[in-house]
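Close look at the chain arrangement
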Amino acid sequence: MLSTLLVAVFSTSLGVHAQTFTNPVIYADFADNDIFLGPDGVYYYSASSMHYSPGAPILQSWDLVNWQLIGHSVPSLDFGDDYNNQSAYNLGTWASTMRYRESSDTWYWIGCANFWTTYVYTAPEATGPWSQSANFQPCFYDCGLLIDDDDTLYVAYGSENVSVAQLSSDGLEVVTTQQVFTYPPECTSIEGNRMYKVNGTYYILDDCPNDGITLVWKSADPFGPYEYKILNDNVASPVPNTGPPVQGSLVETSEGDWYFMSFSWNYPLGRVPVLAPITWGEDGFPTLMTVDGAWGESYPYPLPEHPLPSWSWTGTDSFTGDTFSPHWQWNQNPDTERFTLNNPGLTLHTATVTTDLYAARNTLTHRPYGARPYGIVELNIAHMADGDIAGLAALKDSSAWIGVVLDGPDNYHIAVAHNLTMESAYGSTLSNGTIVEIADIPESQETIWFKLSMDAAAAGSHEAIFSYSLDGEEFVDLGGFYTLTTDYLFFVGYRFGIFNFATSALGGFVDVVSFTSGESTT
Ligand SMILES: *[C@@H]1O[C@H](CO)[C@@H](O)[C@H](O)[C@H]1NC(C)=O
Ligand SMILES: *[C@@H]1O[C@H](CO)[C@@H](O)[C@H](O)[C@H]1NC(C)=O
Ligand SMILES: *[C@@H]1O[C@H](CO)[C@@H](O)[C@H](O)[C@H]1NC(C)=O
Ligand SMILES: *[C@@H]1O[C@H](CO)[C@@H](O)[C@H](O)[C@H]1NC(C)=O
Ligand SMILES: *[C@@H]1O[C@H](CO)[C@@H](O)[C@H](O)[C@H]1NC(C)=O
């Protein structure tokens, strides 16, 4: 017994330093992280997902490097009717905050959904059930919650000017709020606020997105006065072709070490988290640990390595349960009358009559994983109605799709459309795109496979290729290359989008037999 224990202790302390991890720690779009140590000794990570529903994904990790998705803080975007009629592009959950509060054994999520109203969601467990507990003004733009040693709740928020609010003891109302500082001379704006208390001192972490700068502010009092130091001044990113990582959160490990989790703007894929250690100086400010002056591509593991199943990110989902895995989000709130799960599997009824994918409800989305992700959907198309279009999209503000088009009784064909481009967010600009190629399929064909492969890293070619298969084995490319865009009108990166909409009348449906998410290494 004693020798087993000694070996365990010895190998653990060696293991921490022997293993190294590689940035990004998750090769997928999980921006605006807020990370903290939960009551169960597990680390939690809350992220933005804008207009995708459910919103505000929650991830879990034992070592800050390997993460798995466990749910969402916002089960439905109950922020107004715009979220139910495809008019909330780029609104929703962004730069929000999440914490566990011991005194009431409650999990809190706080975020400003739309630039004017702040919402509070609470839950008894990280996995839920989460519900909306309050909404109020002002908008807590890019907010960070601090639960003080005496259980008082403070929130730092703002752009240009940063304020600190004190909340009521239940956390559901604002008691007082006060501007504490504005952006410093090195900067042209400020955002991404997080608030901490370390050894009796209050800290606000935030960043100047246009200047490549991360700031740390400290004060003896939550309401200031604050003094600042620069934590990161244009330190090169570990992700090729991306700018300096500046926004994120700080976390102390159970072993007393500190880390900064930021993210790189790795479009077309989206914003991917990158981790680096920090150390604290005699002056009470932290320093970023760089490698040859840059954010390291790798560092020693912060904690003993705790791998998680690879199906966390890639693998096949056959929709066998009666709920969706947390990897799925709808493009805004779904029409819940127009899909069924476990009946058996997933059935998508057409939910909207439109010619515009952006205006169609009930597009189901999945994040691509890796620099060269692919997705394959298997559809049963036997019950499509005249005028319906169903398929697989590369979904962002510039989109493309491959789909079955039924434009006459039993007149099925496959089409690829490119250039469905939204001119502005916050509303759907009708955009049918351009059909670039059409293929025939046999009238008797009931099952069809669509594949989308993307070269999605900032340093990649940005080419997306669509293909189809009539047997699930042999895939035929259609429509040539579509060039993915790197802008971020939506902030979220490209998603796989499984869609089914009607252009003439509702009534048809498709069965989504399975979806496979993969990462190509060749
Ligand atoms: C969506 O709903 C909002 C709120 O009711 C309304 O103002 C807007 O015009 C609607 N948009 C569309 C495209 O129907
Ligand atoms: C920021 O604060 C300054 C000084 O108090 C004020 O003049 C300015 O209007 C504020 N800006 C915003 C956007 O509130
Ligand atoms: C906080 O104080 C403890 C005890 O003095 C010390 O060991 C630790 O390094 C301090 N932490 C920071 C971040 O300064
Ligand atoms: C799509 O847009 C690109 C860029 O504007 C253009 O070069 C290309 O020809 C367009 N494709 C189609 C099919 O219209
Ligand atoms: C989209 O297609 C529909 C039906 O063919 C047509 O009426 C509409 O004008 C098109 N919209 C655009 C923006 O091209």
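Residues numbered from 1 in each chain as written. Chains lettered and ligands numbered in written order. Predicted model: local features only at pLDDT ≥ 70, side-chain atom pairs only at ≥ 80, totals over all residues. Heavy atoms only, no water.

1. A closer look at the overall build of the chain
Note the threshold: Think of it this way: any DSSP run of H or I at least four residues long counts as a helix, any run of E at least two long counts as a strand, and we number them from the N terminus. For a compact globule the rule gives 2.2 Å times the number of residues to the power 0.38, and the radius of gyration it is set against comes from C-alpha atoms. Each residue gets one of three labels from its accessible area relative to the maximum for its type: buried under 20%, exposed over 50%, partly exposed in between, using a 1.4 Å probe on protein chains only. Working rule for contacts: check all heavy atoms of both residues, and any pair within 4.5 Å makes them a contact.
Regarding its fold elements, the chain presents 1 helix and 38 strands. Scaling as 2.2 N^0.38, a compact globule of 522 residues should have a C-alpha radius of gyration of about 24 Å, and the chain matches this with 24 Å. Across the 522 residues of the chain, 59% fall into the buried class. Restricting to contacts in the chain with at least 6 residues of sequence separation, those with at least 24 account for 59%.

2. Remarks on the site of ligand 4
Note the cut-off: Here a residue is near a molecule or strand as soon as one of its heavy atoms is found within 4 Å of it. Working definition of accessibility: Shrake-Rupley area with a 1.4 Å probe, residue cover restricted to the visible protein chains.
Neighbouring ligand 4 are N419, T434 and V436. About the coverage of ligand 4: the protein hides 31% of its 360 Å² of free accessible area.

3. Quick notes on the sheet that holds strand β5 (residues 55-61)
The condition that has to hold: Pairing between strands is defined by DSSP: at least two bridges between the two strands are required. Throughout, an axis means a line fitted to C-alpha atoms (over the contacting stretch in the case of helices), and angles, computed between N-to-C directions, take values from 0 to 180 degrees.
Taken in spatial order, the 4 strands of this open sheet run β2-β3-β5-β6, and their pairing is antiparallel. At either end of the open sheet lies a strand with only one pairing partner, and these are β2 (34-37) and β6 (67-74). Here the average twist between neighbouring strands, direction ignored, is 25 degrees. Of the strand pairs in this sheet, strand β3 (residues 43-46) and β5 are connected by 4 bridges, and their pairing is antiparallel. Paired with Y44 across the bridge in β5 is Q60.

4. Quick word on the packing of aromatic side chains
For clarity, the cut-off: Two rings belonging to Phe, Tyr or Trp (six-membered ring only in the last case) form a pair when the distance between their centres is within 6.5 Å. Interplanar angles under 30 degrees mark stacking, angles over 60 mark edge-to-face geometry, and anything in between is tilted.
In the structure shown here, the tally under the stated rule is 44 aromatic pairs. Aromatic side chains W328 and F515 sit 5.2 Å apart centroid to centroid with 75 degrees between the ring planes, which places their arrangement in the edge-to-face category. Taken as a pair, W328 in strand β25 (residues 328-331) and F515 in strand β38 (residues 509-519) lie far apart in primary sequence, 187 residues in all. The exposure class assigned to W328 is buried, which follows from its relative accessible area of 3%. Taken together, the aromatic side chains of F319, F324, W328, W330, F339, F496 and F515 make up a single cluster linked through ring pairs.

5. A look at the state of the cysteines
We count it as follows: Disulfides are defined in this document as cysteine sulfur pairs within 2.5 Å.
Counting across every chain of the model gives 2 disulfides. Covalent S-S linkage joins C112 and C139, the inter-sulfur distance amounting to 2.1 Å. Disulfide C112-C139: the torsion about the S-S bond is -110 degrees, which places it as left-handed. With a gap of 27 residues between them, C112 in strand β8 (residues 106-112) and C139 in the loop between β10 (131-136) and β11 (144-147) connect regions that are remote in the sequence.

6. What about the site of ligand 3?
Rules: In protein, a polar contact requires one atom able to donate a hydrogen and another able to accept it; more generally it is a pair of N or O atoms within 3.5 Å, and residues adjacent in sequence count only if both atoms are side-chain atoms. Residue polarity follows a fixed list, in which Ala, Val, Leu, Ile, Met, Phe, Trp, Tyr, Cys and Pro are nonpolar, Asp, Glu, Lys and Arg are charged, and the others, Gly among them, are polar.
In the vicinity of ligand 3, the contacting residues are V198, N199, W258 and W280. Between N199 and ligand 3, the recorded distance is 2.2 Å, taken from a side-chain N or O atom to an oxygen atom. A total of 360 Å² of accessible area belongs to ligand 3 in isolation, and the protein chains cover 35% of it. Along the lines of polarity and charge, the residues of the shell around ligand 3 split into 3 nonpolar, 1 polar and no charged.

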